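Commentary on secondary and tertiary structure
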Amino acid sequence: MTTKTAEELAHPSQEEIELGAVLHALSDPVRLKIVHALAESACECTTGTIDVPVTKSTCTHHFKVLREAGVIRQRQEGTSRMNTLRDEDLEARFPGLLRTVLQAASA
């Protein structure tokens, strides 16, 4: 895993993304809602723009779980964290998984 600096957050490389960690991250309804919002967004989203029914500290925890699992990429921009879905990395590592999970969650 890459190291973390003041400006950078640690993310697993594509090869380090593990199926168990991704499935765990996607098993929580709040995290699934975050991923669904990012999948529908055409651009980066700040943590605060995604409406989830939890406190700010709990929301931060959910984003951390998603980032550490390799589901999202975060970058610091001033006092905000910008979030993007790592859909291309997930598709390369586990073809069809993210699409299938999001379709099943929408059904």
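Just above sits the structure.
Below: a short report on this structure. These numbers were taken from a predicted model, which means no experiment stands behind them.

**Some details on the sheet that holds strand β1 (residues 45–46)**
The strands making up a sheet are joined through hydrogen bonds of the backbone, oriented either antiparallel or parallel. Spatial strand order, β1-β3-β2: 3 strands in an open sheet with antiparallel pairing. Only two strands of the sheet have a single neighbouring strand rather than two, namely β1 and β2 (72–77). Inspection of the sheet shows β1 paired to strand β3 (residues 80–85) by 2 bridges, in the antiparallel sense. Across the sheet, C45 pairs through a bridge with N83, a residue of β3.

**Re empty space enclosed by the protein**
A full pass over the atoms with the stated rule returns 1 cavity of 30 Å³ or more. Space inside the largest cavity adds up to approximately 30 Å³. Considering the residues around the largest cavity, the lining is formed by V22, L26, L90, F94, L97 and L98. Within the lining of the largest cavity, the residues separate by chemical class into 6 nonpolar, no polar and no charged.

**What to know about helix α2 (residues 29–40)**
For α2, built from 12 residues, the straight-helix expectation of 16 Å at 1.5 Å per residue is met to within 8% by its first-to-last C-alpha distance of 16 Å. Of all the residues in α2, the buried ones are V30, R31, L32, I34, V35 and L38.

**Some points on the environment of V71**
Note on placement: V71 falls in the loop between α3 (56–69) and β2. Remark: the alpha-carbon pair of V71 and T84, spanning 13 residues in sequence, is separated by 8.8 Å. Dropping the residues within four chain positions of it, V71 is found in contact with V22, A25, L26, V35, L66, T84, L85, R86 and L90.

Criteria and cut-off values
- Residues numbered from 1 in each chain as written.
- Predicted model: local features only at pLDDT ≥ 70, side-chain atom pairs only at ≥ 80, totals over all residues.
- Heavy atoms only, no water.
- Pairing = 2+ DSSP bridges.
- Helix = DSSP H or I, 4+ residues; strand = E, 2+ residues; numbered from the N terminus.
- 1 Å grid on protein atoms, 1.4 Å probe; cavity = no way out; pocket = protein on both sides within 12 Å on 5 of 7 lines; lining within 4 Å.
- Points joined across faces, edges and corners; volume = space filled by probe spheres on them.
- Nonpolar A, V, L, I, M, F, W, Y, C, P; charged D, E, K, R; others polar.
- Expected span 1.5 Å × (residues − 1).
- Buried < 20%, exposed > 50% of the residue type's maximum accessible area, 1.4 Å probe, protein only.
- Contact = heavy atoms within 4.5 Å.

Keep in mind these numbers describe shape, not what the thing actually does.
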